[in-house]
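What follows is the residue order along each chain.
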Amino acid sequence: MMKEIISIADEKMNKTIAVLKHEFASLKAGRANPTMLDRIRVDSYGSLVPVSQVANVSSPEPRVLLIQPWDKASMKEIEKAILKSDLGLNPSNDGSAIRLMIPELTEETRKTLLKTVKKTGEEAKVAIRSIRRDANDKIKVLKKNSEITEDEVKKSEDIIQKETDKFIKEIDKMTDAKEKDIMVV
């Protein structure tokens with residue numbers, strides 16, 4: 001039972017890290033990255049789908065994203081979705097593809113992005129700690145019901161704490177790397 005609780009906690013912590021990686025990848029850091037468009041949903045045949053499901057998204061140059069729709073009829077919808085998004089980019093349509101020019105980051109934009117990165121990293125840490133708390137609570141319930149001994153409780157809490165520390169360090173590394181990425185001019 002304890003191994004199952006620890007395993008579930010570990011799985012949830014890994015998912016938190018995966019979500020954080022996805023969030024960081026979608027932040028624009030002055031360079032074109034196809035994952036920047038992952039959050040943008042396009043109306044395609046009556047349903048909202050990510051841009052990557054209706055077009056090929058590539059980065060032929062460091063500051064350019066090239067979107068090549070598989071169905072040329074969806075170009076207008078892709079343009080509308082990009083304009084409505086919070087990216088602040090203006091699509092350039094040449095009839096067969098859409099180009100997005102990624103502007104240089106201003107000092108103000110960099111500072112705003114740094115705040116967003118720190119906030120997102122802190123939210124991930126809170127999620128990790130919440131998972132730790134939930135796992136420890138489940139273990140205490142087992143102890144209360146006399147299903148496990150005090151020694152097993154301590155051992156399990158130590159394992160969960162070590163996992164928590166490992167994931168917190170990983171979040172710190174990811175946050176530092178993204179901050180350095182943003183500050184590169």
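Treat the numbers as computed from the prediction; the structure is a model and nothing was measured.

A. Region of the structure containing the overall build of the protein. A count of helices and strands for the protein gives four helices and six strands. Listing the helices and strands of the protein from first to last along the sequence gives α-β-β-β-β-α-β-β-α-α. Whereas a compact globule of 185 residues would reach a radius of gyration of roughly 16 Å, the protein reaches 22 Å, over 25% beyond that. Its C-alpha atoms give the protein principal-axis dimensions of roughly 70 × 40 × 25 Å. The 185 residues of the protein split such that 40% are buried. Across the protein, contacts joining residues at least 24 apart in sequence account for 63% of those joining residues at least 6 apart. Surface summary for the protein: the accessible area is close to 11100 Å², and the carbon and sulfur share equals 53%.

B. The nonpolar core, seen in detail. Membership of the largest hydrophobic core comes to 27 residues, with the highest contact counts inside it found for Leu 20, Phe 24, Ile 128, Ile 139, Ile 148 and Ile 171. Secondary structure elements with two or more residues in this core: α1 (2-25), α3 (107-144) and α4 (150-183). With nine residues, the single largest contributor to this core is α3. Excluding anything up to four places from it in sequence, Phe 24 contacts Val 117, Thr 120, Gly 121, Met 174, Thr 175 and Lys 178. In this structure, Met 36, Val 42, Ile 82 and Leu 87 belong to the second largest nonpolar core, which totals 21 residues.

C. Looking closely at the packing of α1 against α3. Closest axis-to-axis distance for the α1/α3 pair is 10 Å, and the angle between their directions is 170°. With respect to each other, α1 and α3 are oriented roughly antiparallel. Mapping the contact onto sequence places Met 2, Ile 5, Ala 9, Lys 12, Met 13, Thr 16, Leu 20, Glu 23 and Phe 24 in α1 and Val 117, Thr 120, Gly 121, Ala 124, Ala 127, Ile 128, Ile 131, Arg 132, Ala 135, Lys 138, Ile 139 and Leu 142 in α3. Looking at the contact of α1 with α3 residue by residue, the class counts come to 14 nonpolar, three polar and four charged.

D. Expanded view of the packing of α1 against α4. Relative orientation of the contacting elements α1 and α4 amounts to 5°, with a least axis distance of 11 Å. Overall, the two elements α1 and α4 adopt an arrangement that is roughly parallel. Contacts between α1 and α4 pair Met 2, Ile 6, Asp 10, Met 13, Asn 14, Ile 17, Leu 20, Lys 21 and Phe 24 from the former with Glu 152, Ser 156, Ile 159, Ile 160, Glu 163, Thr 164, Phe 167, Glu 170, Ile 171, Met 174, Thr 175 and Lys 178 from the latter. Considered class by class, the residues forming the contact of α1 with α4 number 11 nonpolar, four polar and six charged.

E. Structural context of the confidence of the model for the protein. Per-residue pLDDT for the protein has a mean of 87; in total, 98% of the residues score no lower than 70. Per-element confidence in the protein ranges from a low mean pLDDT of 85 for strand β1 (residues 41-44) to a high of 92 for α4.

F. Region of interest: the side chain of Thr 175. Here Thr 175 shows up in helix α4. In this structure Thr 175 comes out as buried when scored by relative accessible area, which is 9%. Excluding residues that lie within four positions of it along the chain, Thr 175 makes contacts with Phe 24, Val 117, Lys 118 and Gly 121.

G. Main features of the environment of Val 153. Mapping Val 153 onto the fold places it in helix α4. On the accessibility criterion, Val 153 (5% relative accessible area) is buried. When the C-alpha atoms of Val 153 and Arg 129 are compared, they prove to be 18 Å apart, with 24 residues separating the residues in sequence. Not counting residues within four places of it along the chain, the set of residues in contact with Val 153 comprises Ile 139, Lys 143 and Ile 148.

Conventions and cut-offs
For every chain, the first residue of the written sequence is number 1, and numbering continues from 1 onward in sequence order. Reporting of local features is limited, given that this is a predicted model, to residues whose pLDDT is at least 70; pairs of side-chain atoms are given and counted only at 80 or more, and all residues count toward the totals for whole chains, interfaces and linings. Hydrogens and waters are ignored; side-chain quantities use all the structure's heavy atoms. Only DSSP runs of H or I reaching four residues or more are called helices, and only runs of E reaching two or more are called strands; each is numbered from the N terminus. The atom set for the radius of gyration is the C-alpha atoms, and the globule formula is 2.2 Å times the number of residues raised to the power 0.38. The buried label goes to any residue with under 20% of its type's maximum accessible area, the exposed label to any with over 50%, and the partly exposed label to all in between, with areas taken from a 1.4 Å probe on protein chains only. Throughout, a residue-residue contact means that at least one pair of heavy atoms, one from each residue, lies within 4.5 Å. Only the protein chains shown count as covering a residue, and every accessible area follows the Shrake-Rupley method with a 1.4 Å probe. For our purposes a nonpolar core is just a set of buried Ala, Val, Leu, Ile, Met, Phe, Trp, Tyr and Cys residues, chained together by side-chain atoms within 4.5 Å. Angular values range over 0 to 180 degrees, each being the angle between N-to-C directions of two axes fitted as lines to C-alpha atoms, with helices fitted over their stretch in contact. Here the word oblique covers every angle except those under 35 degrees (roughly parallel), over 145 (roughly antiparallel) and from 65 to 115 (roughly perpendicular). Under this grouping Gly is polar, as are all residues other than the nonpolar Ala, Val, Leu, Ile, Met, Phe, Trp, Tyr, Cys and Pro and the charged Asp, Glu, Lys and Arg. Every residue gets a pLDDT, meaning the predictor's confidence in that residue, from 0 to 100.

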